[in-house]
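# Structure at a glance
Letter by letter, the chains look like this.
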Amino acid sequence: MKTFLSIGSGPGMGYATAARFAREGFQIVLSARNPANTQKLADRLKAKGFRAEVRTVNSADPDSVAALIAEAEKQFGSIDVLHYNAASIRQATLSEQPRATILQDLAVNIGGALVATQAVTQQMSERRSGTILLTGGGLALAPNSELISLSIGKAGIRALTLGTFESLKQKGIHIATVTVSTAVAPDSEAAEAVAECFWHLHSQPIDKWTAEVIYPG
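Residues numbered from 1 in each chain as written. Predicted model: local features only at pLDDT ≥ 70, side-chain atom pairs only at ≥ 80, totals over all residues. Heavy atoms only, no water.

For the chain, the helix and strand inventory stands at six helices and seven strands. Secondary structure elements of the chain occur, N-terminal to C-terminal, as β-α-β-α-β-α-β-α-β-α-β-α-β. In terms of overall dimensions, the chain is globule-like: its C-alpha atoms have a radius of gyration of 16 Å, near the 17 Å expected for 217 residues. Taking the principal axes of the C-alpha coordinates as reference, the chain spans close to 50 × 40 × 35 Å. (Helix = DSSP H or I, 4+ residues; strand = E, 2+ residues; numbered from the N terminus. Rg over C-alpha atoms; globule rule 2.2 N^0.38 Å.)

Next comes the structure, spelled out in structure tokens:
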């Protein structure tokens, strides 16, 4: 059974994407900082007959992210799909917040994605297969001064994807992002649509691989 690892598993796009892959026969590993909330999402999947487990991770801590991936690879043999969905959403301009919160936000919004991508690609490259999916945002295309740390983070997600797409493709790894340019609520049509975008990216044959889908298009 193939393994889908979600980092930053929330009730919106995180859950919807995990459920979409679960319907295709993947075993699901959900992870976030709050194990109680994550367990509720896993229980929803289990109630539908899917296999789901919960892990705790601090996306702002590189060691925590790397340890999660190492543990998942050891337990399940491989991570076939990684979905990085963590985000710190802080409404504040650059001048309104201290240095510590800016760095904390960036550690979650882009630092964790960098560490996760670096960690998971080693085994994926050895197998010459694997998919890395990153939740992007429209703030990468139209930054907002009131959401500056999230804007920079989403720009980083897009740069990470586009900047590594070709080199990872040569190793059989498909890295891709859905640039989500609208608000997405839990259990909404938009959440389901984003999940479908992620499944579409994963399902593309290698000669049709693309790096980005913008939702709504």
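What follows deals with unusual backbone geometry. For the bond from Y215 to P216, the omega torsion is -10°, close enough to zero to count as cis. Residue placement: P216 occurs in the segment after β7 (212–215). Even without being a glycine, R128 presents a positive backbone phi close to 60°. Here R128 lies in the loop between α4 (99–127) and β5 (130–137). In this structure R128 comes out as exposed when scored by relative accessible area, which is 52%. Positive phi is not limited to glycine here, since D187 has a value of about 55°. For D187, the position within the fold is in the loop between β6 (173–180) and α6 (189–203). Given a relative accessible area of 55%, D187 falls into the exposed group. (Buried < 20%, exposed > 50% of the residue type's maximum accessible area, 1.4 Å probe, protein only.)

This paragraph deals with α4. Here α4 spans 41 Å end to end across 29 residues, near enough to the 42 Å set by a 1.5 Å rise per residue. For α4, the principal kink sits at A107 and spans about 45°. Just downstream of α4 lies R128, where phi reads positive at about 60°. (Expected span 1.5 Å × (residues − 1). Bend = angle between axes of the 7 residues up to and from the residue.)

Counting 31 residues, the largest nonpolar core has L5, I7, L82, Y84 and I132 as the members making the most contacts within it. When residues of this core are traced back to their parent elements, those giving at least two are β1 (3–7), α3 (62–76), β4 (81–84), α4, β5, α5 (148–169) and β6. Top contributing element to this core by residue count: α4, with seven residues. Filtering out sequence-adjacent residues up to four positions away, L5 remains in contact with V29, S31, L68, I69, I79, V81, L82 and H83. (Core = buried A, V, L, I, M, F, W, Y, C linked by side-chain atoms within 4.5 Å. Contact = heavy atoms within 4.5 Å.)

What follows deals with the packing of α4 against α5. Axis separation between α4 and α5 bottoms out at 7 Å; the angle between their running directions is 20°. Taken together, the axis directions place α4 and α5 in an arrangement best described as roughly parallel. The handedness of the crossing between α4 and α5 comes out as right-handed. The segment α4 lies against α5, with D105, L106, N109, I110, A113, L114, T117 and T121 engaging S149, L150, I152, G153, G156, I157, L160 and L168. In terms of residue class, the contact of α4 with α5 is built from nine nonpolar, six polar and one charged. (Axes fitted to C-alpha atoms, helices over the stretch in contact; angles between N-to-C directions. Parallel < 35°, antiparallel > 145°, perpendicular 65-115°, else oblique. Left-handed = near helix turned anticlockwise from the far one by under 90°. Nonpolar A, V, L, I, M, F, W, Y, C, P; charged D, E, K, R; others polar.)

Estimated volume of the largest pocket: approximately 810 Å³. Looking at the largest pocket, it is lined by 36 residues, and the ones nearest its centre are N85, A86, A87, S88 and I89. Broken down by secondary-structure element, the contributors of at least two residues to the lining of the largest pocket are α1 (13–22), α2 (35–47), α4, β5 and α5. Taken together, the residues of the lining of the largest pocket sort by class into 15 nonpolar, 19 polar and two charged. Along the walls of the second largest pocket sit K2, D80, R127, R128, S129, G130, T131, G172, H174, H202, Q204 and W209, which together make up its complete lining. Grouping the amino acids of the lining of the second largest pocket by side-chain chemistry returns one nonpolar, seven polar and four charged. (1 Å grid on protein atoms, 1.4 Å probe; cavity = no way out; pocket = protein on both sides within 12 Å on 5 of 7 lines; lining within 4 Å. Points joined across faces, edges and corners; volume = space filled by probe spheres on them.)

A separate point is the packing of aromatic side chains. Centre-to-centre distance and the angle between the planes together describe a pair of aromatic rings. On inspection of all chains with the given rule, the structure shows four aromatic pairs. Aromatic side chains F21 and W199 sit 4.9 Å apart centroid to centroid with 75° between the ring planes, which places their arrangement in the edge-to-face category. Residue F21 is located in helix α1, and its partner W199 is located in helix α6; the two are separated by 178 residues in the primary sequence. On the accessibility criterion, F21 (0% relative accessible area) is buried. Residue W199 is classed as buried on the basis of its relative accessible area, which comes to 15%. The structure contains a cluster of three or more aromatic residues connected by ring pairs, namely F4, F21, F26 and W199. (Phe/Tyr/Trp six-rings, centres within 6.5 Å; stacked < 30°, edge-to-face > 60°.)

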